[in-house]
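Residue strings, one per chain:
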Amino acid sequence: MPNIASILKAEISRVARKEVRAEIETLKKASVAHRASIAELRRQMNALEKELRRVARGMTGPATAPDSDDETAAGTKRRFSATRLAAHRAKLELSAASYGQLVGVSGQTIYHWEQGKARPRAAQLENLATVRTLGAREIAERLTTR
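Let me sum up the structure you'll find in this document. (Residues numbered from 1 in each chain as written. Predicted model: local features only at pLDDT ≥ 70, side-chain atom pairs only at ≥ 80, totals over all residues. Heavy atoms only, no water.)

## Let's talk about the overall build of the chain
Worth spelling out the cut-off: Numbering of helices and strands starts at the N terminus; helices are DSSP runs of H or I of at least 4 residues and strands are runs of E of at least 2. Categorising residues by exposure relies on relative accessible area from a 1.4 Å probe, with only protein chains included: less than 20% of the type maximum marks a residue as buried, more than 50% marks it as exposed, and the intermediate range marks it as partly exposed. It only takes one pair of heavy atoms within 4.5 Å for two residues to be counted as in contact. We get accessible surface area from the Shrake-Rupley algorithm with a probe of 1.4 Å; when it comes to residues, only the shown protein chains can shield them.
Summing up its helical and strand segments, the chain has seven helices and zero strands in all. When its helices and strands are written in sequence order, the chain yields α-α-α-α-α-α-α. Across the 146 residues of the chain, 18% fall into the buried class. Long-range pairs, those at least 24 residues apart, make up 57% of the contacts in the chain between residues at least 6 apart in sequence. Total accessible area on the chain stands at roughly 11,900 Å², and carbon and sulfur atoms take up 57% of it.

This is the structure:
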């Protein structure tokens, strides 16, 4: 028969483990919450750094641009899609060089845009938007006059 000391020691150990487990559980929950908030703060920080780089890149551009151009560019923000550019060029059945003539760039530049190796600047985006509005006849006329 076990003596009272060993029974008391076993019961104290069991109660202590139960108490520690309860404390650890609350600490784990707090740790998970803190990790989630840290991850969210990192995402916000990355987004802000990205925005800062974008703004800094915009500041390094020509500072002597006319105000009217800035207002029109800000009013119509253009988006660019490499796959849509390639699809439009394929639909028109034009070579990259011919399409580049319409836009005012080289054929190699068109290839780089389509492959995602480069992105057009704002003025080039405007030229691309103009080309997208043209019909097949107008495009043929522009290519023969150049």
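## Some thoughts on the side chain of Glu-114
If you trace the backbone, Glu-114 turns up in helix α5 (residues 107–115). The class for Glu-114 is buried, based on a relative accessible area of 16%. Other than its neighbours up to four places away in sequence, Glu-114 contacts Ala-82, Leu-85, Ala-86 and Arg-89.

## Re the packing of aromatic side chains
This is how the line gets drawn: Between the rings of Phe, Tyr and Trp (Trp by its six-membered ring), a pair exists once the centres lie within 6.5 Å; its type follows the angle of the planes, with under 30 degrees stacked, over 60 edge-to-face, and the other angles tilted.
Inspection of every chain in the model, using the stated rule, returns one aromatic pair. Ring geometry for Phe-80 and Trp-113: centres 6.3 Å apart, planes at 70°, overall edge-to-face. Residue Phe-80 is found in the loop between α2 (67–75) and α3 (82–92), and its partner Trp-113 is found in helix α5; the two are separated by 33 residues along the sequence. Its relative accessible area of 16% is what places Phe-80 among the buried residues.

## Observations regarding the packing of helix α4 (residues 96–103) against helix α7 (residues 136–145)
As a reminder of what qualifies: For helices, the fitted line uses only the C-alpha atoms of the stretch in contact; every axis is such a line through C-alpha atoms, and the angle between N-to-C directions lies from 0 to 180 degrees. Oblique is the label for every angle not falling under 35 degrees (roughly parallel), over 145 degrees (roughly antiparallel), or within 65 to 115 degrees (roughly perpendicular). Polarity classes work like this: nonpolar for Ala, Val, Leu, Ile, Met, Phe, Trp, Tyr, Cys and Pro, charged for Asp, Glu, Lys and Arg, and polar for all others, with Gly in that last group.
For the pair α4 and α7, the least separation of the axes is 10 Å and the interaxial angle reads 90°. Viewed along their axes, α4 and α7 adopt a mutual orientation that is roughly perpendicular. Side by side, α4 and α7 meet where Ser-98, Gln-101 and Leu-102 of the first sit next to Ile-139, Arg-142 and Leu-143 of the second. Taken together, the residues of the contact of α4 with α7 break down into three nonpolar, two polar and one charged.

## Remarks on unusual backbone geometry
A positive phi angle, near 55°, is found at Glu-93, a position not held by glycine. Considering the arrangement of structural elements, one finds Glu-93 in the loop between α3 and α4.

## With respect to the pattern of salt bridges
Pairs may arise between side chains of opposite charge once their charged atoms sit close together. The cut-off we apply is this: Salt-bridge detection follows one rule: a side-chain nitrogen of Lys or Arg within 4 Å of a carboxyl oxygen of Asp or Glu.
Taken as a whole and assessed by the stated rule, the structure comprises five salt bridges. Linking Glu-11 and Arg-14 is a salt bridge whose minimum nitrogen-to-oxygen distance equals 2.6 Å. Of this pair, Glu-11 and Arg-14 both sit in helix α1 (residues 4–59), three residues apart, which is roughly one turn of the helix. A relative accessible area of 37% means that Glu-11 is categorised as partly exposed. Using a relative accessible area of 41% as the deciding quantity, one classes Arg-14 as partly exposed.

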